[in-house]
Amino acid sequence: MVHMEKAAVYNSPLRGNRRLVLLFLVILSFIVISLLSFSGSPFSSFRGNCGRTIRTLNEAAALSKSPQASYIGGGGQAKFINLNDLKASANAKDEQEHVVILTPVKNAEVYLPRYFELIDSLTYPKDLISIAFLVSDTTDDTVKYLKKKASEMLNREEPNQRYHEIAIYEKDFNFDLPEDKRHTFELQPLRRSFMARSRNYLLTAALREYHSWVLWLDIDIVDYPSSILEDLQSVDVDVVVPNCLLKTEDGSFWGYDKNNWQETESSMEMQKELDPDYVLLEGYYEFLTGRRHMVDMPTHLDPMDKVPLDGVGATFTLVKANVHREGANFPPYTFQHQVETEGFAKMAKAMGFGVYGLPGYKIHHIKNS
């Protein structure tokens, strides 16, 4: 109404005054542009969705399952999340705590069927489990298989059989090491450095604000109990690992993961004479460290009896998510004579976190060719 009145005021003089005509057109243009701008302003977002826009199914699921998140109106999406409420407890299943399973892979197609079979057998609620992969320098059909399997696991008919999220990331490092050179002593520091980078990429990409636990799981583990998540969570420590043995045809006892170990007086004394950048490796006769490996500890005792460790592998390593959030990751550089997973254990302990192993809780790794 205001604009109409102004038009009426200028109606008579406009006939004889070209300058006033031009002025009127300018004012009219300004009014039109202002109206158009207002219609696209942030205030228009209050219509219909009150400023909240759910663009994908995953975002919808995140909203429905993250009650601690508050969304503030506007064009974008601002979140307020109280991380003080996030916890990782001994009774995680009852407390509905989310777990993310992280697995870096390379040419892993042949191992994937058993990998998913074991995860599917877990007694932990599937809607509280996310799975994320980092695929690197792969030449087989790993990605194709993962996409197909992810679609199947996320779209099952029964809602309680669907997983919370499955993410597949690709990042090539252009590191090509022949399979027969994979465990060569001289190449281990470089190989483990690239593995550390891979883990850090995956961790930073996949960790969500609602994750309470992080499970690092090898692609070629072939046997573990279905209750393993609840069992390891019940120990209620910052980092915990079971005892990973080698799967043999005759059932004989062979240790596999020698990266789970304790320092000894002799190993600590030996390190005083080492160059600070020297990387120590376990399981090689080229350089014996004098450490005590968990695979050499008694396994006939209570499976839930824990022992403190100074180094861990990542065949099956359960970590309270706050350990990673506070800065403990996988050093691709030498940290206290270690890199990658053992460097992570050293870093976690240096930050005051507890690192433990369960010698009597046995899982099995495939015998690689």
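Predicted model only: the values in this text are computed from it and were never measured. (Residues numbered from 1 in each chain as written. Predicted model: local features only at pLDDT ≥ 70, side-chain atom pairs only at ≥ 80, totals over all residues. Heavy atoms only, no water.)

Draft legend 1. Main features of the overall build of the protein. Helix and strand content of the protein: ten helices and 13 strands. Expressed as a percentage of the 369 residues in the protein, the buried residues total 44%. Summarising the internal contacts of the protein: among those between residues at least 6 apart in sequence, 76% fall at separations of at least 24. Counting only carbon and sulfur atoms, one obtains 55% of the accessible surface of the protein, whose full area is about 19,900 Å². (Helix = DSSP H or I, 4+ residues; strand = E, 2+ residues; numbered from the N terminus. Buried < 20%, exposed > 50% of the residue type's maximum accessible area, 1.4 Å probe, protein only. Contact = heavy atoms within 4.5 Å. Areas by Shrake-Rupley, 256 points an atom, 1.4 Å probe, with all protein chains shown as cover.)

Draft legend 2. Spotlight on the nonpolar core. Of all hydrophobic cores here, the largest spans 42 residues; its most connected members are I101, Y115, I119, I131, L217 and Y224. When residues no more than four places from it in sequence are discounted, the contact partners of Y224 are L118, I119, L122, L217, F316 and I363. Judged by nonpolar contacts, the second largest core, of 31 residues, contains A132, A196, V307 and A314. (Core = buried A, V, L, I, M, F, W, Y, C linked by side-chain atoms within 4.5 Å.)

Draft legend 3. Structural detail: the packing of helix α6 (residues 188-206) against helix α10 (residues 340-350). The geometry of α6 relative to α10 is characterised by a closest axis approach of 8 Å and an angle of 65 degrees between their N-to-C directions. On α10, the residues that touch R192, M195, A196 and R199 of α6 are E340, T341 and E342. Residue composition of the contact of α6 with α10, by class: two nonpolar, one polar and four charged. (Axes fitted to C-alpha atoms, helices over the stretch in contact; angles between N-to-C directions. Nonpolar A, V, L, I, M, F, W, Y, C, P; charged D, E, K, R; others polar.)

Draft legend 4. View of unusual backbone geometry. Although it is not a glycine, Q96 sits at a positive phi angle of roughly 60 degrees. Tracing the backbone through its elements, the reader meets Q96 in the loop between β2 (78-81) and β3 (98-105). In this structure, D236 takes a positive phi of about 60 degrees despite not being glycine. Looking at the secondary structure, you find D236 in the loop between α7 (228-235) and β8 (239-246).

Draft legend 5. Representation of the pattern of salt bridges. One pass over the full model with this rule turns up 17 salt bridges. Taking the shortest distance from any N to any O, the salt bridge between E165 and R208 comes out at 2.9 Å. With E165 in strand β5 (residues 165-170) and R208 in the loop between α6 and β6 (211-217), this pair connects stretches of sequence that are 43 residues apart. With a shortest N-O distance of 2.7 Å, R199 and E340 are connected by a salt bridge. Note that R199 is positioned in helix α6 and E340 in helix α10, a separation of 141 residues in sequence. A single burial state applies to R199 and to E340, both of which are buried. One connected set of salt bridges, linked through shared partners, spans D120, K149, E152 and R156. (Salt bridge = Lys/Arg side-chain N within 4 Å of Asp/Glu carboxyl O.)

Draft legend 6. Fine view of α10. Where burial is concerned, most of α10 is hidden: nine out of the eleven residues are buried. Considered for burial, the residues of α10 that qualify are E340, T341, E342, G343, F344, A345, K346, M347 and A348. Tucked into the core, α10 has its buried residues touching α6, β8, β9 (261-262), β12 (316-320), α9 (321-325) and β13 (355-365). Looking one or two residues beyond α10, the residue adopting positive phi is G352, at roughly 95 degrees.

Draft legend 7. Representation of the side chain of E263 within the structure. Secondary-structure assignment places E263 in the loop between β9 and α8 (265-271). For E263, a relative accessible area of 14% puts it in the buried group. Within the structure, E263 has its side chain in polar contact with the side chain of K346 (distance 2.7 Å). Apart from the residues lying within four places of it in its own chain, the contact partners of E263 are M268, Q271, R291, D310 and K346. (Polar contact = N/O pair within 3.5 Å; in protein donor to acceptor, adjacent residues only side chain to side chain.)

Draft legend 8. Main features of the packing of aromatic side chains. A full pass over the atoms with the stated rule returns eleven aromatic pairs. Relative to F316, the ring of Y224 lies with its centre 5.2 Å away and its plane at 65 degrees, an arrangement referred to as edge-to-face. Here Y224 is found in the loop between β7 (221-223) and α7, whereas its partner F316 is found in strand β12, with 92 residues between them in sequence. The same class applies to Y224 as to F316, namely buried. Consider the rings of F330 and F344, whose centres lie 5.1 Å apart with planes at 35 degrees: the pair is tilted. Of the two residues, F330 is situated in the loop between α9 and α10 and F344 in helix α10; the sequence distance between them amounts to 14 residues. In terms of burial, F330 and F344 fall into one category: buried. Members of the aromatic cluster, joined through ring pairs, are Y115, F116, F133 and Y145. Above the ring of F173, the side-chain terminus of K171 is found at 5.8 Å from the ring centroid. (Phe/Tyr/Trp six-rings, centres within 6.5 Å; stacked < 30°, edge-to-face > 60°. Lys NZ or Arg CZ within 6 Å of the ring centre and 35° of its normal.)

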